[in-house]
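Fold and contact review
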Amino acid sequence: MVMTSVSGHLLNYEFLPSFRGWHSCNPEQLFDAPVRKACIEGGDKVKRTLEREIRGCNTLVIWTDCDREGENIGFEIIEVCRAIKPQIRVLRAKFSEITTPSIKRAVENLAEPDDRQNDAVNVRSELDLRIGAAFTRFQTLRLQNVFPEKIVNNLVSYGSCQIPTLGFVAQRYKEIERFIPQPFWKLKLNHTINELTVEFHWARNRLFDKQCCEAYLMVCQSESMVKIISVSNKPKSKWRPTPMDTIELEKLGSRKLKINAKQTMTIAEKLYTQGIISYPRTETNMFTNDIKLTPLVEMQADSPEWGSFAQKVLQWGPNPRNGKKSDQAHPPIHPTKFVTNLSGDERKVYELIVRHFLACVSKDATGSETIVTAVLAEEEFTASGLCIHERNYLEVYPYDRWNSKEIHPYQVGNTFEPTELDLHEGTTTAPNMLTEADLIALMEKHGIGTDATHADHINTIKERGYIGEADRGFLVPGTLGMGLVEGYESMELPLAQPVLRAGLEADLKLICEGRKDPKVVLEEQIRKYKEAYRVITEKARALDQAMGQRLNQAPRDAPSSLPAGSGSIQEMCRCPKCSQMLCLRTKKDGNGYYLGCLGFPDCKNSVWFDDNIKEASGTDEICQKCGGTNKKMLVKFRQTRFYAFLNHTNNISYKTCIVCDDKFRDILGIDISLVKQFRSNGIRANVPIPTRGTAPSSGERHSHEPPSNRSNGHGADRGGWGTNLNNRDDDDDDRRGGGGGAIATGRSNTATTGSGWGGSWNSSSSSSNGTQNRRNEPTLLNNTTWNRNPLPNTSHSASFRSTNEQVMCRCNLPAKELTVKKEGPNKGRPFFACSKAQNEQCGFFQWADENNAPQTGGVGTNTNWGSQSRPPPAGNSSYGGSSNSTWGRTRESSNVGRGSKGNASRTGEQGKAARKCGFCRQEGHTKAKCPQRESMDY
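What comes next concerns the included structure. (Residues numbered from 1 in each chain as written. Predicted model: local features only at pLDDT ≥ 70, side-chain atom pairs only at ≥ 80, totals over all residues. Heavy atoms only, no water.)

1. Focus on the packing of aromatic side chains
Per the counting criterion, the structure on display carries 27 aromatic pairs. A centroid spacing of 5.7 Å and a plane angle of 75 degrees characterise the contact between F135 and Y533, whose relative ring orientation is edge-to-face. A residue pair is termed long-range when its members are at least 10 positions apart, and F135 in helix α4 (residues 115-146) and Y533 in helix α16 (residues 518-538) qualify at 398 residues. Owing to a relative accessible area of 0%, F135 belongs among the buried residues under this scheme. Each ring, one from Y397 and one from Y399, has its centre 5.1 Å from the other, and the planes form 80 degrees; the classification is edge-to-face. Across this residue pair, the class does not change: Y397 and Y399 are buried. Cluster of aromatic residues (ring-pair linked, three or more members): F31, F135, F138, Y158, Y488, Y529 and Y533. Note that R206 overlies the ring of F184, its terminal NZ or CZ placed 4.7 Å from the centroid. Taking the ring centre of W847 as reference, the NZ or CZ of R829 above it sits at 3.9 Å. (Phe/Tyr/Trp six-rings, centres within 6.5 Å; stacked < 30°, edge-to-face > 60°. Helix = DSSP H or I, 4+ residues; strand = E, 2+ residues; numbered from the N terminus. Buried < 20%, exposed > 50% of the residue type's maximum accessible area, 1.4 Å probe, protein only. Lys NZ or Arg CZ within 6 Å of the ring centre and 35° of its normal.)

Below, the structure written as structure tokens:
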């Protein structure tokens, strides 16, 4: 079993490069723009570690956190590993604490990964990207133009959780702003005996009419004695806390420890990774019957501070006061180990968790309450007293207070003369500003974010300057934050209210339960926010006015058009190079048009229109001749003669499809290969360029890859093809992809036998079929003796090519055959290239001796299987029959360590492998100068 790790998310959603610039497109297009998952910055090393380790394993076990985000990270790991081994077996470990019993239970009960939770996170992530980018770009660019002095360097961001969170703070601030204090009056009656004063409260509480209150006072003063009319005694309990969930931890950390929620969770996660507490991100506040609480309490019995109370709990028997919430994944937060080596805030958080746990499994505090009712001139007054009998959980839980309140031993019928009876004046006060704990409670109540993200959202709006922290931890909105909220309200948009985000969170839960389709949720949410975006663009002047009032500055007139360089990106047709879309765009200087590929910079295919075109725009009309996704474009020429060349009677505009209109392309000198997909010898069309920084999706394989070996569980990474494609030097690996980590089990450490390989290749078919026709691609691809990038070898020469076959370049012209003259291992090797002049070549390249099955090569021959050019070890028959083949690579057969560089000699005739090209795996050049770089399908 091999363990490795990741550090949070491995991949994240991003727009294609064509949409990333602030002025690259109209922000509204971001709601529908293509997105992809890309490797995060610094994740490449983690990815390579995963790719290296998974090659020698037959099972992948995911050990990430057992919540939504952890499940999503697990699927990112699966995606990376299955790009190397598509048939790898994947299992999921369910655990909630890092202790020996928990780990053993997880290993004994491995399950399948939960794709529903993964879908929910993907929907949320994509929505956050689209919504945040669209609104942020619009707000920032507009307000920077309207208030260039105040917001010139500010990012006016929008987030569907951040802004509603800001809305809570702004709403409370506005309540205080609008608050008008009002005076009130009430009667105050006290009775003192032996320095013990009992205060009686007027049944009418308070009045806002002074004269009326004075009249009641005069009536009461008309009598001198107060009479007791009832005395009641009843038991009183102060309930112990329920088991701790994430939200309770954040609130207690903020209120009792004066540590903000973000820092509290950071400390809790650190304690969890050290095995000191259970998983701190949980919505559960109830212990199930299968959780053994007694051993957890016994761990704390040795503490000098709360050990004696733990002994009491053991005598009583742990009895938790359970709540009603459960996420069906994790238990409440509790200690898993007793430690004494913590200090500072870490010790405070640990102590809070331990004391809370012991309190919740102990007993409620008990006492008795006495309520006395008295009457004076027909006006009722009440007083109360409290006597505590057993403090119980309060002995270990200093975060709650319950104090005794003494009262005289009154009896029914007793009378007394009041010590004090007068009129008390007061004034109503505004509510306090929200604290962080109050804000978290509101977010939970209205469904904004999750228990795992509350602290992050609050921290984000603090960093943006939307809110700040005043004395005693009160949160105050900034001028920028208040301007945004008031601007949305003036436009009658619910963007600063919780209704939109709460609806999404509810839908995400339904996705996790399998009751709603992720695609439907995504479409519905995008539709709602697109409508909100339409309103904000139409009523943007209201936002300017609201922001101007808060900034004390008159707003300037906003530009009537989009910022320079921005505009609509109109999809026209599919790129023949990478299968992304070619889009009609305006040149940077605004003069002229071109078609650019959305796959840029991975794909640099483009079509530049000359100055003869005055205007060009896309339409939504699908070309009926081409079909598919090709759309027609509307063109206006500067000179009318072009309409005549096209036999077009309308001299105003010309509607055409650039893919199928040969005359239009000929007039403008556009090469058909730039816009039209076609298939010819030596070219595999419609093969998408892999996304930079991403791994192929789970189970995704290009059509030209051979099938994986299902007979022995190794997949396609063994043998000639797999070794050549995947077993590369780590320091020369240019495969694009995100990293990941998990436990990978079942590393193969035994030599591969002939029977193990028998099910994955058919030597008889290769020898009987003889030379394969290159046009018959399916037959060629199923022949496992086909070598993708062979080194020079007598068994792979141009003589095997059919004399009737002609190789075509990308220009759809016969390619010319040349020979390598440069010194190196490829000297003298034939290859094909474009036959045009050097400055007009299409960049086509293909070795003349590749992609050919040998005329003979069954078992028993000395065929060089795969990409190895060295002779096989004498007498090696570990692959079946008497073959001297060098198929496969195992630790015993190859004698190469797992950390070795390159392909060291199997028989030990070489001490160190020479450095090879990262693309074609051949010596003599690097990948930067590889002749195959332009035409390689990687």
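2. Quick word on the pattern of salt bridges
Taken as a whole, this structure holds 43 salt bridges when the rule is applied. Residue R355 pairs with E351 through a salt bridge whose shortest N-O separation is 2.8 Å. Residue R355 and its partner E351 are located together in helix α11 (residues 344-360), separated by four residues, close to a single helical turn. The same class applies to R355 as to E351, namely buried. Ionic contacts of the salt-bridge type, sharing partners, join the residues E69, R124, D128, R501 and E505 into one network. (Salt bridge = Lys/Arg side-chain N within 4 Å of Asp/Glu carboxyl O.)

3. Focus: unusual backbone geometry
Not every positive phi belongs to a glycine, and R472 is a case in point at roughly 60 degrees. Topologically, R472 is positioned in the loop between β13 (467-469) and β14 (475-477). The class for R472 is exposed, based on a relative accessible area of 71%.

4. What about the sheet that holds strand β24 (residues 830-833)?
Strand pairing in a sheet relies on backbone hydrogen bonds. The paired strands run either parallel or antiparallel. Read across the open sheet, the three strands follow the order β23-β24-β25; overall the sheet is antiparallel. Both outer strands of the open sheet, β23 (816-819) and β25 (845-847), are each paired with one neighbouring strand and no more. Each neighbouring strand pair of the sheet contributes to a mean axis angle of 30 degrees, computed without reference to strand direction. Pairing of β24 with β25 involves three bridges; the strand directions are antiparallel. Residue pairing across strands places F831 opposite W847, the latter belonging to β25. (Pairing = 2+ DSSP bridges. Axes fitted to C-alpha atoms, helices over the stretch in contact; angles between N-to-C directions.)

5. Describing the sheet that holds strand β17 (residues 593-597)
If you trace the four strands from one edge of the open sheet to the other, you get β15-β16-β17-β18, paired in antiparallel fashion. The open sheet terminates on both sides in strands that have one partner only, identified here as β15 (570-574) and β18 (606-608). The average angle at which neighbouring strand axes cross in this sheet is 25 degrees, direction not considered. As paired elements, β15 and strand β16 (residues 581-586) share four bridges and run antiparallel to each other. Bridge assignment links C573 to a residue of β16, and that residue is L582.

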